[in-house]
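For reference, the chains in residue letters:
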Amino acid sequence: MSAASNLRSEDQFLCSICQDVFTDPVTTSCGHNFCKKCITQHWNNKAKYKCPMCNKVFKRRPELDINTLFSEMVVHRSKQQAAKPGEVPCDICTGTKLKAQKSCLVCLTSYCQTHLEPHLTVKGLKRHQLMEPVENLEGRMCTKHDKHLELFCRTDQQCVCVLCSVLDHKNHEFVPLREESEGKKAELRKTEAGIQQMIQKRRLKIEEIKESVKMRKDAADREKAEGVQVFTALMESIKKGLKELIKEIKDKQETAEKQADGFIRDLEQEISELMERSSEVEQLSQSEDHLHLLQSFSSLKTAPPTKDWTEVRVCTPSYQGTVVRAVAQLEDTLRKDMKKLLAEAELKKVQQYAVDVTLDPDTANPELILSDDGKQVKHGGEKKKLPDNPKRFTVFANVLGTQSFSSGRFYFEVQVKGKTDWILGVATESIGRKGGNSVKPQNGYWTVWLTNRNDYTARTDPPVSLSLQSAPEKVGVFVDYEEGLVSFYDVDAAALIYSFTGYSFTQKLHPFFNPCNSIDGGKNSAPLLITPVNHTK
């Protein structure tokens, strides 16, 4: 036990001169240990060489031997960390408290690596129960019976000692602390799994929010770019209008100046002629040659022919109303340009939601002819023998797109060039396939219909007649499922044809096509062609 006590004592590591842990420990011939620097300085200041511990006097300054064992122990101790705030300190260390490595439930003491050594080597101490270092080891003792808390009373849900189970908790259900701890660990693992799941959900929500912010930033950037484009075009129109106004005023001014210059040239010419006649008359009136005077008199007695300038005026250009008319014209131009630019911006925006659409042959009426790539459909004029399919239209020449949509936004374009009749739009998955249902929203159809080459109608109830400036050659169809919106566009003119608004979609929507019958000798024989979206510039 004395060896264990020595190991547990920290004093063996302290220099008696500096009272601190040894630095380069050395041993004197009398067997005492000091820091090399401390004993050297001690002897440098003394007349006699004697040991500070036992006062043994040396005749000559003794040679100092390095204490290898102490050096290794000091190095080993120095590698151990001092206990930080919140960490369990060693109960044995004096001075600097090192971090405890283990706590003994028998000794109720926490030990650093050095002071733990006896529990790892001494036979009697090796039987003690060690655990990870904890504070307040006294709290692991029963305050009533001064015994270790070894059992868990499930009846009272508390830790008890053996005497408690006999005296104070009779007939209660007991289990060892380890068993109850394992059960609680299992519950904690479930709690941890639930917490990790909550963390993962929140991380996913963070990513969702970040993606939402990114999408909104991208949308804002696109909106700014479109705004710059629109306002730049409008400013160009204003500059053009100002240039035309200045030119008009300048042209009027130049015309007036040219007229005035012509008048001045004519007047100066007449003045020149009159001055010449005046000179001739004056000379003749002073002539002494009577015959010459009489012979010239009739030709010089009157002034030369001239223009009557009494009512002649320079036509002063009127600028009144010029600016007003120019501004009115500019307003009209800007209104048209703005409408066109906004329509182009709107079309460009919906074209971002372009999807790849193909025709579903299982839904096609037997009289329809579909291309192998599923991009074209036309009326064949005769009914083909096809397998009976509950999805197939049998009355009208309809066909659906293979793709269906139950959320979000989508857009596709269809070439209608050369056709006199067609129906385009979207339809719900549950529309009737075998009967003659009316094509209107109440029956699950949102479509635009062309008949007789120039009669366009939105198939509402009742239908709405549409007035278009030109016949579209390519029609774009856009759907915003959540907004209940279906819009149709003239792609080449970048103009809105019609919008169905305020609907509440609850079913899957399919692109809907009807090329209509070939009539008048095949004038409507051109196909409906699903085309790739060429984004508006």
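It should be noted that the structure appears before, not after, this text.
A brief report on the enclosed structure follows. Nothing here was measured: the structure is a model prediction, and the numbers come from that model.

## Digging into the overall build of the protein chain
Scanning the protein chain from terminus to terminus reveals 9 helices and 24 strands. Whereas a compact globule of 537 residues would reach a radius of gyration of roughly 24 Å, the protein chain reaches 55 Å, over 25% beyond that. Viewed in the frame of its principal axes, the protein chain has a C-alpha envelope of about 175 × 105 × 45 Å. Out of the 537 residues belonging to the protein chain, those deemed buried represent 32%.

## Points about the sheet that holds strand β2 (residues 33–35)
Read from one edge of the open sheet, 3 strands run β2-β1-β5, paired in antiparallel fashion. A strand with exactly one partner marks an edge of an open sheet, and here the two such strands are β2 and β5 (65–66). Relative to β5, strand β1 (residues 25–27) is paired through 2 bridges, and the arrangement is antiparallel. Considered in β5, the bridge of threonine 27 is made with aspartate 65. The strands that helix α2 (residues 36–44) touches are β1 and β2; relative to β2, the one it contacts most, it runs at about 90°.

## Quick look at the packing of aromatic side chains
For the coordinates displayed, the defined rule picks out 14 aromatic pairs. Seen from their ring centres, tyrosine 353 and phenylalanine 478 are 6.0 Å apart, and the 45° between their planes marks the pair as tilted. Separated by 125 residues along the polypeptide, tyrosine 353 in the loop between α9 (322–351) and β12 (368–370) and phenylalanine 478 in strand β20 (residues 474–480) bring together distant segments of the chain. Look at tyrosine 353 and you get partly exposed, because its relative accessible area is 27%.

## With respect to the packing of helix α7 (residues 177–285) against helix α8 (residues 290–300)
Where α7 contacts α8, the axes come no closer than 10 Å and their chain directions differ by 150°. In terms of axis orientation, α7 runs roughly antiparallel to α8. When the axes of α7 and α8 are compared, the crossing they make is left-handed. In contact with Arg277, Glu280, Val281 and Leu284 of α7, α8 contributes His292, Leu293, Ser296, Phe297, Ser299 and Leu300. Its residues placed into classes, the contact of α7 with α8 shows 5 nonpolar, 3 polar and 2 charged.

## Examining a nonpolar patch on the surface
Where nonpolar side chains cluster on the molecular surface, the patch consists of Leu163, Val166 and Leu167 and spans about 260 Å² of accessible area. In this fold, leucine 167 is placed in helix α6 (residues 162–167).

## A short note on the pairing of strand β23 (residues 509–514)
Within β23, 6 of the 6 residues are buried, leaving the element largely enclosed by the surrounding structure. When strand β14 (residues 399–400) meets β23, the two strands line up antiparallel, connected through 2 bridges. In the strand pairing of β23, valine 399 is matched with phenylalanine 513. Looking at chain direction, strand β16 (residues 422–428) and β23 are connected through 6 bridges and run antiparallel. What sits directly across from leucine 424, in β23, is phenylalanine 513.

## Comments concerning the pattern of salt bridges
By the definition in use, this model includes 22 salt bridges. Here glutamate 180 ties to lysine 184 by a salt bridge, and the two come within 2.3 Å at their closest N and O atoms. Taken together, the positions of glutamate 180 and lysine 184, both in helix α7 and 4 residues apart, correspond to about one turn of that helix. One salt bridge connects lysine 252 with glutamate 248, and the closest N-O pair in it is separated by 3.7 Å. Of this pair, lysine 252 and glutamate 248 both sit in helix α7, separated by 4 residues, roughly a single helical turn. With a relative accessible area of 31%, glutamate 248 lands in the partly exposed category. A network of salt bridges, in which partner residues are shared, links Arg154, Glu173, Glu179, Glu180 and Lys184.

Rules behind the numbers
Residues numbered from 1 in each chain as written. Predicted model: local features only at pLDDT ≥ 70, side-chain atom pairs only at ≥ 80, totals over all residues. Heavy atoms only, no water. Helix = DSSP H or I, 4+ residues; strand = E, 2+ residues; numbered from the N terminus. Rg over C-alpha atoms; globule rule 2.2 N^0.38 Å. Buried < 20%, exposed > 50% of the residue type's maximum accessible area, 1.4 Å probe, protein only. Pairing = 2+ DSSP bridges. Contact = heavy atoms within 4.5 Å. Axes fitted to C-alpha atoms, helices over the stretch in contact; angles between N-to-C directions. Phe/Tyr/Trp six-rings, centres within 6.5 Å; stacked < 30°, edge-to-face > 60°. Parallel < 35°, antiparallel > 145°, perpendicular 65-115°, else oblique. Left-handed = near helix turned anticlockwise from the far one by under 90°. Nonpolar A, V, L, I, M, F, W, Y, C, P; charged D, E, K, R; others polar. Patch = residues over 30% accessible without salt bridge, like charges linked within 9 Å, V, L, I, M, F, W, Y side chains within 5 Å. Areas by Shrake-Rupley, 256 points an atom, 1.4 Å probe, with all protein chains shown as cover. Salt bridge = Lys/Arg side-chain N within 4 Å of Asp/Glu carboxyl O.

Read these as layout, nothing more, since geometry by itself doesn't imply function.
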